[in-house]
Amino acid sequence: MSLYTIEAVEVGRRMADTALFLYLTEPGKELQIAYRLWVLRGAAGVILVDTGPPLEEAHRRGIMQVRPIAQALGEVGVDPAAVKTIVLTHLHWDHASNAEHFPNATFLAQRAEIEFFRSRTRQHPSMNRFFSHQAFLGELIEAGRIQPVDGDTQVVEGVNAVRVGGHTPGSQMLIVDTAEG
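Description of the structure in this document. (Residues numbered from 1 in each chain as written. Predicted model: local features only at pLDDT ≥ 70, side-chain atom pairs only at ≥ 80, totals over all residues. Heavy atoms only, no water.)

Look at helix α4 (residues 111–118) against helix α7 (residues 134–142): their axes get within 11 Å of each other, and the N-to-C directions meet at 130°. What the angle tells us is that α4 and α7 run oblique. For α4 against α7, the interelement crossing comes out left-handed. Side by side, α4 and α7 meet where I114, F117 and R118 of the first sit next to Q134, L137, G138, I141 and E142 of the second. (Axes fitted to C-alpha atoms, helices over the stretch in contact; angles between N-to-C directions. Helix = DSSP H or I, 4+ residues; strand = E, 2+ residues; numbered from the N terminus. Parallel < 35°, antiparallel > 145°, perpendicular 65-115°, else oblique. Left-handed = near helix turned anticlockwise from the far one by under 90°. Contact = heavy atoms within 4.5 Å.)

Structure follows, in structure tokens:
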């Protein structure tokens, strides 16, 4: 059995109205949101979960306590150029739009997420606002650097992707074998 460690890397924070994030909550109450990505370390080396928000986009959207991805990962001993595998939980701007900082990585996303990203539905302004860097992500998909996975699948021994949907049509989460369980 391959065991992994999991390390959260915070790249930014902001305050937001709870009604924008929590179903059936009254507007006007603030919630602090932390933007994180995750570093998994184990037999297959370093696997990253998500890429975090790009600086310019984060500032445009009101995230002022944001750090460059290379700086945040450097603090935990990870060189973005050395990362080979990144699992994208979904393709929203704050999870996938920093992909350009990982020139040697292959990205994994649910096929349903990729299909939605390519769809006309995603292009509607009510949906499209959650996606930035569309041209770049589209290029990564066309080049085969964002590879589709179908439903629940093993990424590597000890790391399994589970399609959960809900937040986006192809949201996924990971189940990771660790020393704690």
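There's more to say after this.
Attention shifts here to the layout of surface pockets. The calculated volume of the largest pocket comes to roughly 750 Å³. Around the largest pocket, the lining comprises 18 residues; the ones closest to its centre are R14, F21, Y35, D94 and H167. Going through the elements one at a time, β1 (5–17), β2 (30–42) and α3 (93–96) are the ones with two or more residues in the lining of the largest pocket. Considering each element in turn, the lining of the largest pocket owes the most residues, five residues, to β2. Residues of the lining of the largest pocket, tallied by class, amount to nine nonpolar, four polar and five charged. (1 Å grid on protein atoms, 1.4 Å probe; cavity = no way out; pocket = protein on both sides within 12 Å on 5 of 7 lines; lining within 4 Å. Points joined across faces, edges and corners; volume = space filled by probe spheres on them. Nonpolar A, V, L, I, M, F, W, Y, C, P; charged D, E, K, R; others polar.)

Our next topic: the nonpolar core. With 35 residues, the main nonpolar core has V9, L48, L73, I86, F102, F107 and I146 as its most contacted residues. Every element with two or more residues in this core is listed here: β1, β2, α2 (69–74), α3, β6 (106–110), α4 and α7. Per-element accounting of this core gives the leading share, four residues, to β2. Apart from the residues within four sequence positions on either side, I146 is in contact with L88, F107, A109, I114, L137, L140 and I141. L40, I47, V87 and V176 belong to the second-largest nonpolar core, a separate cluster that totals 12 residues. (Core = buried A, V, L, I, M, F, W, Y, C linked by side-chain atoms within 4.5 Å. Buried < 20%, exposed > 50% of the residue type's maximum accessible area, 1.4 Å probe, protein only.)

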